[in-house]
Amino acid sequence: MRIGWGFIGASTIARQWMVDAVNARGEVGVTQEVVALMSTNKARGTAFAHEMGIAGVYQNIDDLLADPAVDAVYISTTNELHKSQVLAAAAAGKHVLCEKPLALNIEDAVQMVQACREVGVVMGTNHHLRNAATHQAIRRQIESGVIGDVVAMRIFHAVHLPENLQTWRINKPQAGGGVILDIVVHDADTVRYLLGEDPIDVMAYAQHAGMAETIEDGAMTIMRMPSGALVQSHESFVVPFAGTGLEVHGTKGSIFARGVMTQQSVGEIEVVTEQGRQLLEVVPHNLYAHSLQKFALAISEKAQPAVTGEDGVKSLAVALAVAQSAVTGQRVEINYPVF
Ligand code: NDP
């Protein structure tokens, strides 16, 4: 089987990670290739395609979707554009891998998932952290019961937004900028994946810590889980040396993971129980290549991608609740859509 990818958006993530991830040789017996790119800017699109060895360059989405070599699209434009582009791709019968956050509100995200369902194309959300070997190892540890019942979890995902990304994320709320839609949404997905349950409600604060003027550039949240576990998270655009990580604390042990909230295949995990401290051995793999291999399997075997469209909707619901709580100062219950 062969999948021809159409990339919608000449974006940084496409350039830094996703073209290479498509080209990476997977183990699933599927050949993948980026066959076309769409950019609204002709010069930027042409330069990008030339640099990345992509044959087709288009300036509008209908032309890319009409290209018979395109079987699936990867959407990595700014967030306010995801909805119309997913709907157009579904209408053209193309499989869709869409960047997070899926949309700026739940109604739009649900509509996107339903459009893909109706025509029977695969839809995935590109939350990369579920694809990390480290996160997969942590989940296996939790599921094995080695740390007992999970009582609490902490996530540190506070970074310094690189200068080249200090554009719409910090100055364009209408494009879905701000740390909540950028990073909290990833952390919400990580919590849901690792603990295997969806937060009931959240209380959060957001801050303007000096980088963004009108949008939040830092947030802290407490989430309450159906099991009774509490989760605390910290996200930021303005702290260069905090380091990232997460901790999961159970009745029989704790997991300490450092450097794991990242795009790189790095990080260390230590499990501490009555038996002592043990460093987990993890064989790293490229997170985005893993995501694409799972997506290829989803197409060929009618299986689930690593992160479904429905997952993207639920993780967005958590992030939007965080945003609402930060504005209102109130606890916000999360009403997940029923599909
Ligand atoms: P970029 O800012 O790099 O690109 C977004 C859009 O901006 C592109 O589609 C492009 O438009 C336009 N653009 C790109 N470069 C320039 C430039 N030099 N001058 C003017 N316009 C430009 O976005 P990111 O790659 O940072 O993010 C894209 C999406 O991916 C977002 O939804 C984000 O949330 C998500 N993301 C996900 C990550 C993950 O790990 N899952 C990591 C990083 C981002 P055009 O298409 O018209 O060329």
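What counts and how
- Residues numbered from 1 in each chain as written.
- Predicted model: local features only at pLDDT ≥ 70, side-chain atom pairs only at ≥ 80, totals over all residues.
- Heavy atoms only, no water.
- Near = heavy atom within 4 Å.
- Polar contact = N/O pair within 3.5 Å; in protein donor to acceptor, adjacent residues only side chain to side chain.
- Areas by Shrake-Rupley, 256 points an atom, 1.4 Å probe, with all protein chains shown as cover.
- Helix = DSSP H or I, 4+ residues; strand = E, 2+ residues; numbered from the N terminus.
- Nonpolar A, V, L, I, M, F, W, Y, C, P; charged D, E, K, R; others polar.
- Domains from an automatic or database assignment.
- 1 Å grid on protein atoms, 1.4 Å probe; cavity = no way out; pocket = protein on both sides within 12 Å on 5 of 7 lines; lining within 4 Å.
- Points joined across faces, edges and corners; volume = space filled by probe spheres on them.
- Phe/Tyr/Trp six-rings, centres within 6.5 Å; stacked < 30°, edge-to-face > 60°.
- Buried < 20%, exposed > 50% of the residue type's maximum accessible area, 1.4 Å probe, protein only.
- Lys NZ or Arg CZ within 6 Å of the ring centre and 35° of its normal.
- Contact = heavy atoms within 4.5 Å.
- Pairing = 2+ DSSP bridges.
- Axes fitted to C-alpha atoms, helices over the stretch in contact; angles between N-to-C directions.
- Expected span 1.5 Å × (residues − 1).
- Buried area = accessible area lost by both parts, 1.4 Å probe.
- Salt bridge = Lys/Arg side-chain N within 4 Å of Asp/Glu carboxyl O.

**Focus: the site of the ligand**
Item 1. The full set close to the ligand counts 25 residues, and Thr12, Ser39, Thr40, Asn79 and Tyr288 are the nearest of them.
Item 2. One of the side-chain N or O atoms of serine 39 is found 2.5 Å from an oxygen atom in the ligand.
Item 3. The side chain of histidine 128 places a nitrogen or oxygen atom 3.1 Å from an oxygen atom of the ligand.
Item 4. Within the complex, the protein chains bury 78% of what would otherwise be the 900 Å² of accessible surface of the ligand.
Item 5. Contributing elements (two or more residues each) for the shell around the ligand: helix H1 (12–23), helix H7 (168–171) and helix H8 (179–195).
Item 6. Grouping the constituent residues of the shell around the ligand by class yields six nonpolar, 14 polar and five charged.
Item 7. Lining the shell around the ligand are residues from two domains, each supplying at least three of them: domain 1 (2–128 + 289–306) and domain 2 (129–286 + 317–333).

**Focus: the layout of surface pockets**
Item 1. Taken as a whole, the largest pocket encloses approximately 1,200 Å³ of empty space.
Item 2. If you go around the largest pocket, you meet 42 residues; those closest to its centre are Thr12, Ile13, Leu165, Arg169 and Asp182.
Item 3. The set of elements that each furnish at least two residues to the lining of the largest pocket consists of H1, helix H4 (82–91), H7 and H8.
Item 4. Per element, the largest residue contribution to the lining of the largest pocket is four residues, and it comes from H1.
Item 5. For the lining of the largest pocket, the per-class residue count stands at 14 nonpolar, 23 polar and five charged.
Item 6. Two domains each donate at least three residues to the lining of the largest pocket, and these are domain 1 (2–128 + 289–306) and domain 2 (129–286 + 317–333).
Item 7. Taken as a whole, the second largest pocket spans an internal volume of roughly 300 Å³.
Item 8. Lining the second largest pocket are 17 residues, and of these Val121, Val122, Met123, Ala303 and Gln304 sit closest to its centre.
Item 9. Of all the secondary structure elements, the ones that give two or more residues to the lining of the second largest pocket are helix H5 (106–119), helix H9 (287–301) and helix H10 (309–328).
Item 10. The element that contributes the greatest number of residues to the lining of the second largest pocket is H5, accounting for three residues.
Item 11. Residues that form the lining of the second largest pocket fall into these classes: nine nonpolar, five polar and three charged.

**A closer look at the packing of aromatic side chains**
Item 1. Overall, the coordinates contain three aromatic pairs when judged by the stated rule.
Item 2. With centroids separated by 5.3 Å and ring planes inclined at 45°, the aromatic side chains of tryptophan 5 and phenylalanine 295 adopt a geometry described as tilted. In this pair, tryptophan 5 sits in strand E1 (residues 2–8) while phenylalanine 295 sits in helix H9, placing the two residues 290 residues apart along the sequence.
Item 3. For tryptophan 5, a relative accessible area of 0% puts it in the buried group.
Item 4. One cation-aromatic arrangement involves lysine 314 over tyrosine 336; the distance from NZ or CZ to the ring centre is 5.9 Å.

**A few points about the environment of valine 70**
Item 1. With respect to the helices and strands, valine 70 occurs in the loop between helix H3 (61–65) and strand E4 (72–75).
Item 2. C-alpha of valine 70 to C-alpha of valine 34: the two residues are 36 residues apart in sequence and 8.5 Å apart in space.
Item 3. Excluding its chain neighbours within four sequence positions, the residues that come into contact with valine 70 are Gly4, Gly6, Val35, Ala36, Leu64 and Lys94.

**Looking at the sheet that holds strand E11 (residues 244–250)**
Item 1. Read across the sheet, nine strands follow the order E14-E13-E12-E11-E7-E10-E9-E8-E15 without closing on themselves; strand pairing throughout is mixed. Looking at the sheet topology across the chains shown, the edges are occupied by strand E14 (276–279) and strand E15 (332–333).
Item 2. One ladder, built from five bridges, connects E11 with strand E12 (residues 253–258); its direction is antiparallel. Paired with glutamate 247 across the strands is phenylalanine 256, a residue of E12.
Item 3. Across the sheet, H8 lies against strand E7 (150–158), strand E9 (218–224), strand E10 (230–236) and E11, angled at about 150° from E7, the strand it touches most.
Item 4. Packed onto the sheet, H10 meets strand E8 (201–207), E9 and E15 and runs at close to 60° relative to E8.

**Some words on the pairing of E8**
Item 1. Direction of pairing for E8 relative to E9: antiparallel, over a ladder of seven bridges. In the sheet register, alanine 204 faces E9, and the bridge partner there is threonine 221.
Item 2. Looking at chain direction, E8 and E15 are connected through two bridges and run antiparallel. Bridged to aspartate 201 within E15 is glutamate 333.

**Describing helix H6 (residues 133–144)**
Item 1. Over its 12 residues, H6 extends 16 Å from the first C-alpha to the last, a length consistent with the 16 Å expected when each residue adds 1.5 Å.
Item 2. Those residues of H6 not exposed but buried are Ala133, Thr134, His135, Gln136, Ala137, Ile138, Gln141 and Ile142.
Item 3. On its buried face, H6 sits against E7, H8, E11, E12, strand E13 (268–273) and H9.
Item 4. Backbone geometry just downstream of H6 places glycine 145 in the positive-phi region, at approximately 85°.

**Overview of the domain arrangement of the chain**
Item 1. Segmenting the chain into domains produces domain 1 (2–128 + 289–306) and domain 2 (129–286 + 317–333).
Item 2. Just the C-alpha atoms count here: the centres of domain 1 and domain 2 sit 26 Å apart.
Item 3. The partner domain 2 presents 24 residues to the 19 residues of domain 1 that form the contact.
Item 4. Interface area lost by domain 1 to domain 2 is led by Trp17, His127 and His128, which between them contribute 37%.
Item 5. Inspection of the domain 1/domain 2 interface yields one salt bridge.

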